[in-house]
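Tertiary structure, described
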Amino acid sequence: MLKLKNEKLEIYNQKRKNVSLIGSLKKEWRIVKYQKFLLFLILPGLAALIIFHYIPMYGVLLAFKEYSPIKGIMGSPWVGLRWINQIIIVPKVGEVIKNTLMFSILGLVTGFPAPIILAILFNELRAHRFKKIVQSVSYLPNFLSWVVVAGLVITMLSPRIGLYGFIADLLGIPKVFLMQKEVPWVIIVLVSSIWKGVGWGSVIYLAVMSGINPEYYDAAIVDGATRFQRVRFITIPFLYPIITLNIIFSATGLLSSNFDQIFNMMNPMVLDVSNVIDIYIYRTGLLEAQFEFSTAIGLVRTVISVLLLIGANQIAKRYSEYTLW
Amino acid sequence: MTTKRSLAEKVFDITNIFFMIFFTISILLPFWLQIVTSTSAVSGDRLAGFRLFPSHFTMNAYKLVLSNALLLQAYVNTIFRTVAGTLLQIIVTAAFAYSLSKKYLWKRNFWTVVILIPLYFSGGLIPTFLLIKGLGLYDNLLVYILPGIFASMNAVFIRNYMMSLPQEMEESARVDGANEITIFARLIMPLSMPILATVALWTGVGHWNSWFDSMIYTNKPENSTLAYLLYRILYQEAQAYNGVSRDAMRALESQTVKIVPESLQAATLMVTILPIIFLYPFLQRYFVKGIVVGSLKG
């Protein structure tokens, strides 16, 4: 059987050190020949990866060049750290980083607990059919694009035809265009992000909860634990590992924002506060055609994110049993 | 095992149910408001405030929207990319995942690293843009399909699922004389249907919702996807109604009630999401199946 053959070949592989280079190449070639079908299956995917993911990676060289469309990326002259230095000099960049951090930290503080709380509330619902229906409805917004969700939000908050206008009239508060004021706009971004993602986000926590052995709860009931004590001392502790892991790895996204959301919700009145790194890269790169500068910002951001990821993984290794590698 | 509920628990249960009802309404109301707006007409010149039911109920906004040739073309483009893009991605990704699921695959760890690196490191917006232009994919409908033909995360999900399948079936198929191709195409792929369905749904929804690639990689209006056309109609109103024929507009305006741009926008939004809303109740359990399987077995 093929599998057995492969296992034998693995043993050959381990002994390879003692064999001459040509001999080992021959053996590699034999493995490749045995596995030609498996290797054939990875070819289309591999080609797509190389063309659309690996080839653009060499484009980051743009960050160190003066791009000339005629000469191409490779032929363009080197300019050293000119663009990287520009990142430090341009005052706008500081503002952009501040905005990005503000959104990711506020987003984390508000958006992280929401699906956990929702999952616990779902778990405590007794009426089964009702629970199923609410859950199904709660996943729906996750499957719509931000173009649509921004449209829904704008209509809901319209002073004239929206629910906001209705409530403001009812309470007699003066109506404004909420989307055009900075602080309300930030709150709208945070809330709509929860609205869209909370239901789907609760799935993973519910999956963990459904894996808890019911005997724990039964034993707690015998010991006289109230419902709240059962949640507090059984359900939540079972969620700790996944919560820890999610918190640690959310650090990786500190410098990233939800481009789709912000792009669809922003308007000329909130240009300053909506200018986050992803938007800035898009603007400088595609709208202002500062290819090199935009690429340099993207590169610096990627490097910092990868460092954060490695750091997060180190911390995860120490405090939790799950790691990425 | 049941116990008598204390007063505090009863209060909690009732509050919880009320919260859930409120939560459900908060999700459904925005959609309802779009339906109301899209089916309303006005006798003056603007819509009259917040309403839970349409004023002067009419489907004229939908007639106008559907008379827009650009919208119909965008619909065709979007269906094309959703069907072709999803099928191709599933085949290419599942094939890769199948090989990765074999522990004895030649250089298995290397291939795993190769698919994971793009998740964390990418060339960025501009280099990708230049590549797309260089490949002649600019303003070409294939730009919607080819770059997404392989998805790393989905490959990991499918691989995990395939690794969880019992080995014995494959071995007995081999004893019965099945060759490599038969085992992959006739045994493993059908057995992996649950995860393939889930991943296909995610990918399909992603295609249906895509607008960014349409915005940066296409220029001709007839190459637009539905979501990007909606973006233009919602947020760049002025140029958006080019596609609505003048005659159709005038024919409907001669009546005593008028259609306002807000109704047209709402009708376009509804037309864009209708396929998802209609299919969602039937497909939603498949959406969830995969995330649970994939994440717990990883």
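Calculation rules
- Residues numbered from 1 in each chain as written.
- Chains lettered and ligands numbered in written order.
- Predicted model: local features only at pLDDT ≥ 70, side-chain atom pairs only at ≥ 80, totals over all residues.
- Heavy atoms only, no water.
- Helix = DSSP H or I, 4+ residues; strand = E, 2+ residues; numbered from the N terminus.
- Buried < 20%, exposed > 50% of the residue type's maximum accessible area, 1.4 Å probe, protein only.
- Areas by Shrake-Rupley, 256 points an atom, 1.4 Å probe, with all protein chains shown as cover.
- Expected span 1.5 Å × (residues − 1).
- Contact = heavy atoms within 4.5 Å.
- Salt bridge = Lys/Arg side-chain N within 4 Å of Asp/Glu carboxyl O.
- Domains from an automatic or database assignment.
- Buried area = accessible area lost by both parts, 1.4 Å probe.
- Polar contact = N/O pair within 3.5 Å; in protein donor to acceptor, adjacent residues only side chain to side chain.
- Nonpolar A, V, L, I, M, F, W, Y, C, P; charged D, E, K, R; others polar.
- Core = buried A, V, L, I, M, F, W, Y, C linked by side-chain atoms within 4.5 Å.
- Phe/Tyr/Trp six-rings, centres within 6.5 Å; stacked < 30°, edge-to-face > 60°.
- pLDDT = per-residue confidence, 0-100.

As for the overall build of chain B
Tallying secondary structure elements over chain B gives 14 helices and zero strands in all. When its helices and strands are written in sequence order, chain B yields α-α-α-α-α-α-α-α-α-α-α-α-α-α. Across the 298 residues of chain B, 52% fall into the buried class. When the accessible surface of chain B is totalled, it reaches about 14200 Å², and 66% of it is carbon and sulfur.

Describing helix α7 (residues 113-124) of chain A
Here α7(A) is twelve residues long and its end C-alpha atoms lie 17 Å apart, about the 16 Å a rise of 1.5 Å per residue gives. If you check which residues of α7(A) are buried, you get Ala114(A), Pro115(A), Ile116(A), Leu118(A), Ala119(A), Ile120(A), Leu121(A), Phe122(A) and Glu124(A). Structurally, α7(A) contributes buried residues whose contacts are with α6 (91-111), α8 (128-139), α11 (182-210) and α13 (227-250) of chain A together with α1 (7-38) of chain B.

A short note on the pattern of salt bridges
In the structure shown here, the tally under the stated rule is eleven salt bridges over all chains. A salt bridge links Glu66(A) to Arg82(A); its shortest N-O distance comes to 3.2 Å. Residue Glu66(A) is located in the loop between α3 (36-58) and α4 (72-75), and its partner Arg82(A) is located in helix α5 (residues 82-89); the two are separated by 16 residues in the primary sequence. Since its relative accessible area comes to 39%, Arg82(A) is described here as partly exposed. When the shortest N-O distance is used, the salt bridge between Arg227(A) and Glu124(A) registers 2.7 Å. Taken as a pair, Arg227(A) in helix α13 and Glu124(A) in helix α7 lie far apart in primary sequence, 103 residues in all. For the residue pair Arg227(A) and Glu124(A), the accessibility class agrees, reading buried in each case. If you follow the salt bridges from partner to partner, you end up with Glu124(A), Arg227(A), Glu9(B) and Asp13(B) in one network.

Observations regarding the domain arrangement of chain A
Taken domain by domain, chain A consists of domain 1 (2-40) and domain 2 (69-319). For domain 1 of chain A and domain 2 of chain A, the distance between their C-alpha centroids amounts to 47 Å.

Describing the interface of chain B and chain A
Opposite the 94 residues of chain B that make contact, chain A presents 89 residues. Counting the surface lost from both chain B and chain A, the interface buries some 8500 Å², and carbon and sulfur atoms represent 78% of this. For the interface between chain B and chain A, the tally reads three salt bridges. Salt-bridge contacts for Asp13(B) lead to Arg227(A); the nearest nitrogen and oxygen are separated by 2.6 Å. Where chain B meets chain A, there are 18 residue pairs in polar contact (both at pLDDT 80 or more). Broken down by class, the residue content of the side of chain B that touches chain A amounts to 67 nonpolar, 16 polar and eleven charged.

What about the environment of Pro30(B)?
Within the fold, Pro30(B) resides in helix α1. Excluding residues that lie within four positions of it along the chain, Pro30(B) makes contacts with Leu152(A), Met156(A), Trp195(A) and Ile25(B).

Structural notes on the nonpolar core
Residues Trp185(A), Tyr205(A), Phe263(A), Phe96(B), Tyr98(B), Phe150(B) and Phe287(B) are the most contacted members of the largest nonpolar core, which totals 148 residues. For this core, the leading source of residues is α11(A), giving 14 residues. Of the residues that make up this core, three or more belong to each of domain 1 (2-40) and domain 2 (69-319) of chain A. Here Trp185(A) is in contact with Phe103(A), Leu178(A), Met179(A), Ile262(A), Met265(A), Met266(A), Asn267(A), Val270(A), Val273(A) and Ser274(A), once residues within four sequence places are set aside. Trp83(A), Val90(A), Ile281(A) and Ile297(A) belong to the second largest nonpolar core, which has 16 residues in total.

With respect to the packing of aromatic side chains
All names here are of chain A. Taken as a whole and assessed by the stated rule, the structure comprises 32 aromatic pairs over all chains. Pairing Tyr-139 with Trp-200 gives two aromatic rings, centres 5.7 Å apart and planes at 85°, and the pair type is edge-to-face. One end of the pair, Tyr-139, is in helix α8; the other, Trp-200, is in helix α11, and 61 residues separate them in sequence. Assessed through its relative accessible area of 5%, Tyr-139 is described here as buried. Residue classification places Trp-200 among the buried positions, given a relative accessible area of 14%.

Some details on helix α3 (residues 69-100) of chain B
With 32 residues, α3(B) extends 45 Å between its outermost C-alpha atoms, agreeing within 8% with the 46 Å of an ideal straight helix rising 1.5 Å per residue. For α3(B), the capping residue at the N-terminal end is Asn68(B), with a side-chain oxygen 2.9 Å from the backbone nitrogen of Leu70(B).

Looking at the confidence of the model for chain B
All names here are of chain B. Per-residue pLDDT for chain B has a mean of 86; in total, 88% of the residues score no lower than 70. Helix α12 (residues 237-240) is the least confidently modelled element of chain B, averaging 50 in pLDDT, while α3 averages 95, the highest of any element. Overall, residues 294-298 carries pLDDT values under 50, and its contacts beyond four positions in sequence, including any with other chains, amount to eight contacts. Among the scores for the predicted complex, ipTM is 0.88 and pTM is 0.87.

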